[in-house]
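Chain residues, written in single-letter form:
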Amino acid sequence: MKKTVLAALLATLATTAMADINVGVTLSATGPAASLGIPEKNTIDLLPKTIAGQKVNYIVLDDASDTTTAVKNAKKLISESNVDLIIGSTTTPNSLAMVDVAAEAETPMIAMAASARIVEPMDAKRKWVFKTPQNDAQMSTAIVEHMTNNNVKTVAYIGFSDAYGEGWWNEFSKLAEVRKIKVVANERFNRVDTSVTGQVLKVMAAKPDAILIGGAGTPAALPQKSLKEKGYKGIIYQTHGVANNDFLRVCGKDCEDTVLPTGPVLVAAQLPTDNPVKKSAMEYVEKYESVHGRGSVNAFGGYAWDAGTLLAHATPAALKKAQPGSKEFRAALRDALEATKNVAGAHGVYNMSANDHLGLDQRARVMVTIKDGSWKLAK
C-alpha cells in the first residue's frame, strides 16, 4: 500500500517537474498585414525551445489580419492549449481586440503592434498586457524633430482609417502644433483600398511642405505611389510601420528619399560601435539572416524576437513561484515581465514598471532614409 502511494507521488512529482511552458502566438501571416506577420512567424521559429530547464512549446495561429479571427485565436489558445503567455497580434486593431480576452483569462500578453492604446492608460485589463514596438508618440517626436530641422512649416496627413491611423494622427498632430508646424490636411484610407486618388488630390491641393503617411506594411505604399504619380515634390514621411523589405519592393523607385523612424535593428550594422543596442540587435540580425538570407531582416521580426527575449528573462523568476500551466504561474510571469530591467533586445533596452508596459526610451529609435532601395541611417 505504502509502495503504491509512494509510486503515485513520485509519478506526480515527475509530471510536475516536466511541465512544459506553452506560448500561444497569433499573428497576421496572410491578409493585408502579411508582410509584417510573415517575418514575425519566421522569428518565432528562432526563439529558445528551452528556458531555465523547461521545454517551451510555441503554438502559432494565423489571424489573416482579421480582428475577429485574432480574438477567436486568443480564446482558442487559452481554452484548448492552456497557454501561459500570448504573443500577438501583428496589427493594432487585432491587438486591441485581444486585450479583453487576455485580461479575462488572467493570461499575460505581449503585443507586436505599435499603438500606445494597447498599454495605456494603465488599468485592470492592461495590467496583463505588454508590447515590444515603440509607441506612436516616441516615433512622432522623431519625425517632428526631423521636420523642424529641415524647415518644414506645413504638413498634410494621410493615414489608415483604423486604430493605427487614428493613433498616429492623435500623437503627431499634437506634437506638430506644439512645434508650430501647421497641419493643412487630414485624409484617411482603408488597408484594402486599391485607389486613393481622391485623398491624394485633396492633400496636394493644400500644398504642404511635407506629407506624413500613417500606414503600415505594403498598403502604405499606395498613397506614396499616387503622390509621386501626381508629381508631388515635397518630403514624404512614413511611420515605422513600413520598415520591411516587402514595402520597398512594392513601392519601388517611388520610395526614394522617403524618411521614417524605426528601431535600431533595421540598420544595426550601420550603428556606431558605442550604440547600446548594436550588440543585441546584431545578435538577432545574424540569427535571422543565417536562416533567411543576407538582407532579409526587418523591424517586425525584431518585435517577435524581443517578445521572446522578454519571456526568456521573466521565466526564471516565475518558475521560482509556480509551475507552468497554472494560474499562479501566469500571474508570476506577468509580475516578472513588469519587473523587467535593463534587458537589451533588437529594438532597444527594456525597463518596465507598473505604469509602463513598454519600457523603451530614445535608444529605441533612429531616423532612416530610403536610398537606392535600401535603408540608410540618417545623419
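Residues numbered from 1 in each chain as written. Predicted model: local features only at pLDDT ≥ 70, side-chain atom pairs only at ≥ 80, totals over all residues. Heavy atoms only, no water.

### Describing the pattern of salt bridges
Oppositely charged side chains can pair when the atoms bearing their charge come close.
Logical step 1: Following the criterion strictly, the structure yields 15 salt bridges and no others.
Logical step 2: Glu-283 is paired through a salt bridge with Lys-287; the nearest N and O atoms lie 3.7 Å apart. Pair noted here: Glu-283 and Lys-287 are both in helix α10 (residues 278-292), with a separation of four residues, about one helical turn.
Logical step 3: When its relative accessible area of 40% is taken as the criterion, Lys-287 is described as partly exposed.
Logical step 4: Across the salt bridge formed by Asp-335 and Arg-334, the nearest N and O atoms sit 2.8 Å from each other.
Logical step 5: Classification of Asp-335 as partly exposed rests on a relative accessible area of 36%. (Salt bridge = Lys/Arg side-chain N within 4 Å of Asp/Glu carboxyl O. Helix = DSSP H or I, 4+ residues; strand = E, 2+ residues; numbered from the N terminus. Buried < 20%, exposed > 50% of the residue type's maximum accessible area, 1.4 Å probe, protein only.)

### Considering the nonpolar core
Logical step 1: Counting 100 residues, the largest nonpolar core has Val-23, Met-147, Phe-172, Phe-247 and Trp-375 as the members making the most contacts within it.
Logical step 2: Looking at this core element by element, the count peaks at eleven residues for helix α11 (residues 299-319).
Logical step 3: Within the second largest apolar cluster, 18 residues are counted, among which are Val-71, Ile-86, Val-99 and Ile-118. (Core = buried A, V, L, I, M, F, W, Y, C linked by side-chain atoms within 4.5 Å.)

### Points about the packing of aromatic side chains
Logical step 1: Considering all chains together, one arrives at six aromatic pairs under this definition.
Logical step 2: Where Tyr-284 meets Trp-305, the ring centres are 5.3 Å apart and the plane angle is 40°; that geometry is what we call tilted. Remark: Trp-305 occurs in helix α11 and Tyr-284 occurs in helix α10; sequence separation between them is 21 residues.
Logical step 3: Since its relative accessible area comes to 0%, Tyr-284 is described here as buried.
Logical step 4: Measuring from ring centre to ring centre gives 5.7 Å for Phe-300 and Tyr-303, while their planes differ by 80°; the resulting arrangement is edge-to-face. With a gap of three residues between them, Phe-300 and Tyr-303 both fall in helix α11, about one helical turn apart.
Logical step 5: According to the relative accessible area criterion, Phe-300 is buried, its value standing at 5%.
Logical step 6: The exposure class of Tyr-303 is buried, given its relative accessible area of 1%. (Phe/Tyr/Trp six-rings, centres within 6.5 Å; stacked < 30°, edge-to-face > 60°.)

### As for the side chain of Ser-115
Logical step 1: Inspection of the secondary structure assignment puts Ser-115 in the loop between β5 (109-111) and β6 (129-131).
Logical step 2: On the basis of relative accessibility, which here comes to 1%, the residue Ser-115 falls in the buried class.
Logical step 3: Setting aside chain neighbours within four positions, we find Ser-115 in contact with Thr-92, Lys-131, Asn-135 and Asp-136. (Contact = heavy atoms within 4.5 Å.)

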